[in-house]
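Per-entry structural report
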Amino acid sequence: MKHTLSVLVENKPGALTRITSMFARRGFNIESLAVGPTERHDVSRITLRVDCETMPLEQIEKQMHKLVNVLRVAELTPGESIERELALMKVSAPPGKRAELMALGEVFNARVADLGPDAIVFELCCAPEDVDSFEELVRSHGLQELVRTGRIGLGRANKPKPNRPRQHVLA
Amino acid sequence: MKMNGADAILRCLEAEGVDVMFGLPGGAILPLYDAMARGTTVRHVLARHEQGAGHMAEGYARASGRVGVAVATSGPGATNLVTPIADAWMDSTPLVCITGQVRSFLIGTDAFQECDITGITIPIVKHSWLVQDVNELPHVLKAAFHVAATGRCGPVLVDVPRDVQEAELDFSYPDSISLPGWKPPRRGHARQIAAAATAVAAAERPILYVGGGTLNAHATDELLELAESARLPVVTTLMAKSAFPESHELHAGWPGMHGPKWSNWALNKADLIVAVGARFDDRVTGKVSAFAPGATIVHLDIDAAEISKIRHADIPVVGPLKPVLTQLKKELDEKKVESRTEPWLRQIDEWREQFPLRYRADGELLKPQKVLETLQELTAGRSDVIWTTGVGQHQMWAMQYLQCDRPRSFISSGGLGTMGYGIPAAVGAKAARPDATVVCVDGDGCFQMTAQELATAVLEELPIIVVIVNNGYLGMVRQWQDMFFNERFSQIRLTQSLPDYAALARAYGALGFLVESEDELEDALAQALASGRTAVVDARVDPREHCFPMIPAGAAALDLVEFEDENGDPRPGRDEVATRSLPLGTP
Ligand SMILES: Cc1ncc(C[n+]2csc(CCOP(=O)(O)OP(=O)(O)O)c2C)c(N)n1
Ligand SMILES: [Mg+2]
């Protein structure tokens with residue numbers, strides 16, 4: 001079973017390393033990982049796609065919670081969240097094939113980011129599953145290079161923002 | 001107040017109430033040692049090896065229930081601390097390690113004695129800090145002590161570049177700090193505790209399976225009260241040995257790989273297991289799928305990640321054990337149900353009588369078990385004895401034969417199984433409890449890993465007694481090769497007479513005793529115990545002795561292999577095979 005986790009971490013050196021090291025050590029599988037800033041300058045968000053074949057999701061979440069830099073771990077449940085991924089794909093496109101490929105791209109809302117004498121670079125920003133589909137389609141045309149950012153996600157607009165992480169102040 | 005970073009570190013330690021730290025200086029930590037020379041109320045114990053310093057800090061923490069502090073320089077000093085840090089991680093021992101680092105502007109350049117110690121230790125610390133600004137030091141140290149000792153205890157590391165130690169700051173120790181990502185639970189869930197009480201009241205064969213977390217939680221009184229009022233039998237793991245008085249009628253021994261048969265039966269045939277600060281370690285469960293097949297599990301732990309990690313918990317309670325145990329007892333009291341455990345307690349007692357620990361007391365040679373039995377006899381009734389151990393057969397015999405009635409009187413490396421733990425841990429325990437008589441039960445192999453700390457014990461006037469159960473072998477490995485590798489012995493022979501341990505002890509300014517037979521044993525041990533000095537007793541024991549019972553790795557706990565007497569299977573201590581296939585150590 002695959003799950004998407006949204007993790008808020010303190011924006012401190014080493015925070016990401018601690019998480020990835022813990023995943024490696026405990027034998028958890030990360031399929032994709034994206035890190036970036038949030039609405040707060042001192043907090044970063046890590047979106048993780050994890051494969052929980054051998055280890056229950058709960059165990060992964062609990063181990064992450066124990067890390068001092070981790071503020072909150074939440075699962076992005078399908079249906080209640082928006083997930084997106086950015087991909088760039090360089091596809092072989094000799095002049096005779098160009099039109100056909102561009103038409104395919106249009107169906108997927110893929111933008112032509114660059115055009116060369118015999119290749120097109122497509123840019124997609126959509127649900128990760130649609131990236132998969134487009135990737136499969138263009139593969140037969142000669143997929144020369146591919147890069148994906150890994151998915152990012154947020155709760156849907158009708159879902160209230162989770163509370164700010166509680167401050168733990170000791171006496 | 002204006003001061004430099006190094007002085008500030010000492011003021012922080014003083015503010016935390018630290019009375020002893022253990023360490024060894026070097027280039028990158030020189031400013032801190034210079035600050036010590038200028039003055040501090042914190043005693044520094046100079047170890048001979050940073051691994052020793054680390055284990056001393058662990059022994060100190062385990063004997064006192066407080067945070068241990070170890071100090072080392074950058075590079076090799078820091079890497080020498082890695083083993084104690086890993087050990088403290090596995091055994092949840094609260095430790096603050098302070099390491100020097102090369103100057104900030106040299107970090108990343110492969111400078112002399114530069115080493116990414118925060119990187120190396122990421123998997124084995126609760127948290128670590130590389131201090132980049134001297135003004136952060138007071139906050140970082142406050143956080144370090146807080147994180148080490150709250151929630152599930154464990155080691156933290158503070159790496160301080162030399163220039164940060166030398167930089168000036170306006171010092172004040174913070175009263176409070178903000179750690180938004182560190183929120184250990186403060187109390188257990190009331191409804192879960194009530195459910196646990198209902199399960200305990202309904203059980204016919206309940207048992208408390210107590211782990212080291214109980215000692216870390218300072219919850220031994222609460223444990224005793226609960227056990228007595230609900231008449232619950234108690235097994236204590238190696239890490240929890242001494243958490244429950246072992247002379248108490250409700251103490252049902254120690255479960256696990258070398259636990260007595262009756263203890264393993266009590267745990268595995270229970271219908272309800274209340275795990276108290278224990279983590280279902282493989283050394284306790286044996287084959288997990290066959291562990292306590294009929295038991296409902298109540299799991300009390302401060303660490304939510306331990307719940308259902310190995311064995312599904314039917315009723316988990318996450319919280320600090322002290323209030324959780326108090327509340328559980330209160331709930332049970334309020335139910336006012338008669339305890340139904342008497343038949344079960346009688347059953348366990350029958351097993352206890354039926355399956356006592358046994359060994360064959362024949363032949364000329366001193367039996368290792370006899371050494372432990374004699375130590376127990378000589379110290380029976382004394383409340384001032386603290387035991388530490390190495391790792392191996394001698395450790396398991398110590399667990400089996402020593403009776404510990406007072407919390408924190410047995411200190412051993414459980415999770416990591418670190419050979420060489422015993423001597424430095426004893427020195428640390430002595431520093432924590434100067435009034436105690438600290439005895440390290442060591443193996444000849446373990447002794448040779450950290451014997452240099454005898455110098456520390458002698459010169460720092462932290463006298464310890466080391467009893468070497470000297471079988472001339474890496475005995476535990478020998479046992480495994482004998483039992484599971486078709487008696488193909490490989491690289492295990494140490495030789496009983498080399499070094500001459502008693503002479504080595506004397507070279508260190510300690511007392512040295514050689515015991516070659518049972519007649520000499522009691523006298524030597526008694527003299528060592530009474531000496532008030534650091535003393536080493538080299539007890540030459542029968543090298544062929546195996547430690548039984550034993551649950552072979554991966555086997556079900558109920559399938560443990562017992563000692564067999566002359567009429568049974570001759571495998572244990574199989575004399576002729578051992579003598580044929582390799583020469584015994586020269587007596
Ligand atoms: C640092 C370390 N290295 C290796 C081992 C593996 N090991 C476990 S017990 C043991 C033998 C210990 O020998 P000794 O100290 O003489 O104790 P004995 O078993 O003979 O009582 C070894 C090598 C270990 N636990 N720790
Ligand atoms: Mg040995």
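Here the structure is a predicted model, which means the values were calculated and not measured.

With that settled, consider the sheet that holds strand 9 (residues 206–210) of chain B. Residues and elements named next belong to chain B. Across the sheet, which stays open at both edges, the five strands sit in the order 10-9-11-12-13 with parallel pairing between neighbours. Edge positions in the open sheet fall to strand 10 (234–236) and strand 13 (315–318), since each of these has one partner strand only. On average, each strand axis in the sheet is inclined to that of its neighbour by 15°, with strand direction left out of account. Strand direction decides the pairing type here: strand 12 (residues 296–301) and strand 13, joined by four bridges, are parallel. If you follow His299 over to strand 13, its bridge partner there is Pro316.

With that settled, consider the sheet that holds strand 4 (residues 70–76) of chain A. Residue and element names in this part refer to chain A. The strand order across the open sheet built from four strands is 2-3-1-4, with neighbouring strands paired in antiparallel fashion. Lying at the two open borders of the sheet, with one neighbouring strand each, are strand 2 (29–37) and strand 4. Sheet twist, expressed as the average angle between the axes of neighbouring strands with direction ignored, equals 20°. Both strand 1 (residues 2–10) and strand 3 (residues 43–51) contribute to a ladder of nine bridges, which runs antiparallel. In the sheet register, Lys2 faces strand 3, and the bridge partner there is Asp51.

Turning next to the coordination of the magnesium ion (ligand 2). Residue and element names in this part refer to chain B. The magnesium ion (ligand 2) binds to the protein through Asp444 (OD), Asn471 (OD1) and Tyr473 (O); the donor distances cover 2.0 to 2.2 Å. Mapped onto the polypeptide sequence, the residues donating to the magnesium ion (ligand 2) form the spacing pattern D-x26-N-x1-Y. Of the two residues, Asp444 is situated in helix 19 (residues 444–450) and Asn471 in the loop between strand 17 (465–470) and helix 21 (475–484); the sequence distance between them amounts to 27 residues. You can call Asn471 buried: its relative accessible area is 7%.

This part takes up the interface of chain A and chain B. Every contact between the two is made by 23 residues of chain A and, on the other side, 27 residues of chain B. In total, chain A and chain B occlude about 2,300 Å² of area from one another, counting both sides; carbon and sulfur atoms represent 54% of this. The interface formed by chain A and chain B contains one salt bridge. A salt bridge links Asp303 of chain B to Lys66 of chain A; its shortest N-O distance comes to 2.6 Å. Linking chain A to chain B there are seven residue pairs in polar contact (both at pLDDT 80 or more). Elements with a contribution of two residues or more to the side of chain A that touches chain B: helix 1 (15–25), helix 2 (57–65) and strand 4 of chain A.

Of all residues in chain A, 94% attain a pLDDT of 70 or more, and the chain-wide mean is 91. Per-residue pLDDT stays below 50 along residues 165–171 of chain A; that stretch engages in 26 contacts with residues further than four places along the chain or on separate chains.

All names here are of chain B. Look at helix 11 (residues 220–230) against helix 14 (residues 321–335): their axes get within 9 Å of each other, and the N-to-C directions meet at 20°. It follows from the interaxial angle that helix 11 and helix 14 lie roughly parallel. Remark: the crossing between helix 11 and helix 14 carries left-handed chirality. On helix 14, the residues that touch Glu222, Leu223, Glu225, Leu226, Ser229 and Ala230 of helix 11 are Lys322, Leu325, Thr326, Leu328, Lys329, Leu332 and Asp333. Its residues assigned to classes, the contact of helix 11 with helix 14 shows six nonpolar, two polar and five charged.

All names here are of chain B. Domain annotation of chain B identifies domain 1 (2–170), domain 2 (190–353) and domain 3 (366–541). Its C-alpha centre places domain 2 at a distance of 31 Å from the equivalent point of domain 3. Listed as interface residues are 18 residues of domain 2 and, on the opposing side, 21 residues of domain 3. When the area that domain 2 buries against domain 3 is broken down by residue, the three leading residues are Leu238, Lys241 and His258, summing to 41%. Counting across the domain 2 and domain 3 interface gives zero salt bridges.

Side-chain positions along a regular strand alternate between the two faces of the sheet. Residue and element names in this part refer to chain B. In terms of residue burial, strand 5 (residues 95–101) counts as a mostly covered element, since seven of its seven residues are buried. Of the pairings in the sheet, the one linking strand 4 (residues 68–72) to strand 5 comprises five bridges and is parallel in character. Bridge assignment links Val69 to a residue of strand 5, and that residue is Val96. In this sheet, strand 7 (residues 155–161) lies alongside strand 5 in parallel orientation, the contact comprising seven bridges. Across the sheet, residue Thr99 finds its bridge partner in strand 7, namely Asp159.

The rules behind the values
Residues numbered from 1 in each chain as written. Chains lettered and ligands numbered in written order. Predicted model: local features only at pLDDT ≥ 70, side-chain atom pairs only at ≥ 80, totals over all residues. Heavy atoms only, no water. Pairing = 2+ DSSP bridges. Helix = DSSP H or I, 4+ residues; strand = E, 2+ residues; numbered from the N terminus. Axes fitted to C-alpha atoms, helices over the stretch in contact; angles between N-to-C directions. Donors = N, O, S within 2.8 Å, 3.2 Å for Na, K, Ca; no water. Buried < 20%, exposed > 50% of the residue type's maximum accessible area, 1.4 Å probe, protein only. Contact = heavy atoms within 4.5 Å. Buried area = accessible area lost by both parts, 1.4 Å probe. Salt bridge = Lys/Arg side-chain N within 4 Å of Asp/Glu carboxyl O. Polar contact = N/O pair within 3.5 Å; in protein donor to acceptor, adjacent residues only side chain to side chain. pLDDT = per-residue confidence, 0-100. Parallel < 35°, antiparallel > 145°, perpendicular 65-115°, else oblique. Left-handed = near helix turned anticlockwise from the far one by under 90°. Nonpolar A, V, L, I, M, F, W, Y, C, P; charged D, E, K, R; others polar. Domains from an automatic or database assignment.

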